[in-house]
Amino acid sequence: MDTWVDVKKCSALLGSPAVASPASIHPQVRLIVGRVMSRAQDHHQHAAQGTAQILAQIQITAEIAQRRAHLFLNPSTFIVGQSPEGLALGDFNGDGHLDVVTANYNGQSVSLLLGTGSGTFQPQRVFGIPGTGLRCVAVGDFNEDGSLDFVVAAQNNSTVILMFGTGTGNFLTQSVFPVANGPRDIKVGDFNEDGHLDIAIADAGVRKVSVLLGTGTGSFQTERTFNVGISPTSLAVGDFNEDGHLDIIDVDGSDFTISVLLGTGLGTFQPRTVFPVGVLPIGIATGDFNADGHLDIAVANSGDNTVSILLGTGSGSFQPQTTFSAGNTTFGIAAADFNRDGILDLVVTDISFGTVDVLLGNGDGTFRPPSIFSVAGSTPWQVSVGDMNEDGLVDIVTVNQGSNTASVLLGAACLV
């Protein structure tokens, strides 16, 4: 369904460029214009007033087309720690507003930006971490006290560190847990279905995924490891074979593959199944990109500047990849419906140019050419999505490793 918006509101936000000539109008807009004219003919709207209304709709459509590259307002940046690489969102002080937490690779610290609900943040709060090479951070209530905690991976120490939240935006104690060599990513889920949160870790140094089963008290059992490919870098969690048990997908950066580990519901996993993707895959996102009810996979490939889409069958298997161009050095990736058409889209970071690429979905597992947005920061490493200013639109958050900042791109609401 085509939805018209308040052009005056959009103009106030984005400026008022002249309506493009018909030759420069996006092909999709020509299609919509054609639909408008067809409706007019079908209803015999040839009166002068009807024609004026049609022309007004055509003009609005053209303006919307020119603003398709303005799905987001100009970025705002916020100072965090040194060389941030990990990123997560959550409400850490219980005020109902999303906050941002970053893992600072060279800072031996985690930065917390408490959100105001308007897309801005209080100055960072910094929490020291007993480890170096902080690659990633994940969020959950691991001691079940009703307050969000976070867990961060120290790659150089082969440990994960759990910080317990107070519910006020502060963190009191730390617990350190050893894992296999070189942890690169962390994901959270209940893998043994006991009601307590567990964690899965991509161990880049030993071709394994580690699973630490939670006790519900803020502690974990000794790690269990499962074989994957060379250089595991990123993880995704979901029920990919639709048996009610959580599965894990690992991105094997040096194998140019993903490994699918189907869960048993007992905290263990079947031997991996391997599917090819692009060159030097690094990031992963999941969603139902072709609206068939099955989870699909999107992988950001840093070596050939593409995104691989693997459509799920619902059995734990996937169709062969289809690739779409994106960025110059694609890295982090996330999925959301940015233009509110009911179809999942993708956002990918480009660490070479300091931008994010937004690929609008078509609803059939394919995507349109990317629209490019500056993050006003250097080397955007990871990306997350959420409604940071509580206007009902999806916003983008990046963590910028080269400029020690986090960026927020607020949804502009000019195309819905």
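Trainee: So what about the sheet that holds strand S5 (residues 125–128)? Which residues, and what values?
Mentor: An order of S2-S3-S4-S5 is seen for the four strands of this open sheet, with the pairing classed as antiparallel. Strands at the two margins of the open sheet, each flanked by one partner only, are strand S2 (84–90) and S5. Averaged over all neighbouring strand pairs, the angle between strand axes comes to 20 degrees, with direction disregarded. As defined by bridge partners, strand S4 (residues 109–113) adjoins S5 across four bridges and the pair is classed as antiparallel. Of the residues in S5, the one forming a bridge with Ser 109 is Gly 128.

Trainee: Describe the side chain of Ser 234, with residues and values.
Mentor: Mapped onto the secondary structure, Ser 234 falls in strand S14 (residues 232–238). Take Ser 234: its relative accessible area is 9%, and that puts it in the buried class. One polar contact links the side chain of Ser 234 to the main-chain carbonyl oxygen of Ile 282, over a distance of 2.3 Å. Residues within four places of Ser 234 in sequence aside, it is in contact with Asp 185, Ala 202, Ile 249, Asp 250, Val 251, Ile 282, Gly 283 and Ile 284.

Trainee: Describe the environment of Phe 289, listing the residues and the values that go with them.
Mentor: With respect to the helices and strands, Phe 289 occurs in the loop between strand S18 (281–287) and strand S19 (296–301). Taking the C-alpha atoms as reference points, Phe 289 and Gly 312, 23 residues apart in sequence, are found 9.4 Å from one another.

Trainee: Can you lay out the layout of surface pockets for me, pointing to particular residues and giving the numbers?
Mentor: Considered as a void within the structure, the largest pocket measures approximately 790 Å³ in volume. Every element with two or more residues in the lining of the largest pocket is listed here: S2, strand S6 (134–140), strand S10 (183–189), S14, S18, strand S22 (330–336) and strand S26 (380–386). For the lining of the largest pocket, the class distribution of residues is 22 nonpolar, eight polar and five charged.

Trainee: Before we move on, could you go through a negative patch on the surface and cite the residues and values that matter?
Mentor: Residues Glu 144, Glu 193, Asp 194, Glu 242, Asp 243 and Asp 292 make up a contiguous surface patch of negative charge. Summarising the element assignment, Asp 194 is placed in the loop between S10 and strand S11 (198–203).

Trainee: Describe the side chain of Thr 330, listing the residues and the values that go with them.
Mentor: By the element assignment, Thr 330 lies in strand S22. At 2.6 Å, the side chain of Thr 330 forms a polar contact with the backbone oxygen of Asn 301. In this structure Thr 330 touches Ile 282, Ala 300, Asn 301, Ser 302, Asn 305, Thr 306, Val 348 and Thr 349, once residues within four positions along its chain are discounted.

Trainee: Lay out the pattern of salt bridges in plain terms, naming residues and giving numbers.
Mentor: This model, assessed by the stated rule, comprises three salt bridges. In this structure, Glu 85 engages Arg 135 in a salt bridge whose closest nitrogen and oxygen atoms are separated by 2.7 Å. Here the residue Glu 85 occupies a position in strand S2, and Arg 135 occupies one in strand S6, the gap between them amounting to 50 residues. Considered together, Glu 85 and Arg 135 belong to a single accessibility category, that of buried residues.

Trainee: Describe the sheet that holds S26, naming the residues involved and giving the relevant values.
Mentor: Strand order in the open sheet formed by four strands is S1-S28-S27-S26, with antiparallel pairing between adjacent strands. Of all strands in the sheet, those bounded by a partner on one side alone are strand S1 (76–79) and S26. The mean inter-strand angle of the sheet, taken between neighbouring strand axes irrespective of direction, is 20 degrees. Relative to strand S28 (residues 405–409), strand S27 (residues 395–400) runs antiparallel, the two being bridged by five bridges. Looking across to S28, one finds that Thr 398 is bridged to Ser 407.

About the criteria used
- Residues numbered from 1 in each chain as written.
- Predicted model: local features only at pLDDT ≥ 70, side-chain atom pairs only at ≥ 80, totals over all residues.
- Heavy atoms only, no water.
- Pairing = 2+ DSSP bridges.
- Helix = DSSP H or I, 4+ residues; strand = E, 2+ residues; numbered from the N terminus.
- Axes fitted to C-alpha atoms, helices over the stretch in contact; angles between N-to-C directions.
- Buried < 20%, exposed > 50% of the residue type's maximum accessible area, 1.4 Å probe, protein only.
- Polar contact = N/O pair within 3.5 Å; in protein donor to acceptor, adjacent residues only side chain to side chain.
- Contact = heavy atoms within 4.5 Å.
- 1 Å grid on protein atoms, 1.4 Å probe; cavity = no way out; pocket = protein on both sides within 12 Å on 5 of 7 lines; lining within 4 Å.
- Points joined across faces, edges and corners; volume = space filled by probe spheres on them.
- Nonpolar A, V, L, I, M, F, W, Y, C, P; charged D, E, K, R; others polar.
- Patch = residues over 30% accessible without salt bridge, like charges linked within 9 Å, V, L, I, M, F, W, Y side chains within 5 Å.
- Areas by Shrake-Rupley, 256 points an atom, 1.4 Å probe, with all protein chains shown as cover.
- Salt bridge = Lys/Arg side-chain N within 4 Å of Asp/Glu carboxyl O.
- Lys, Arg positive; Asp, Glu negative; His and termini not counted.
- Charge placed at Lys NZ, Arg CZ, Asp CG, Glu CD.

So yeah, pure geometry; function would need other evidence.
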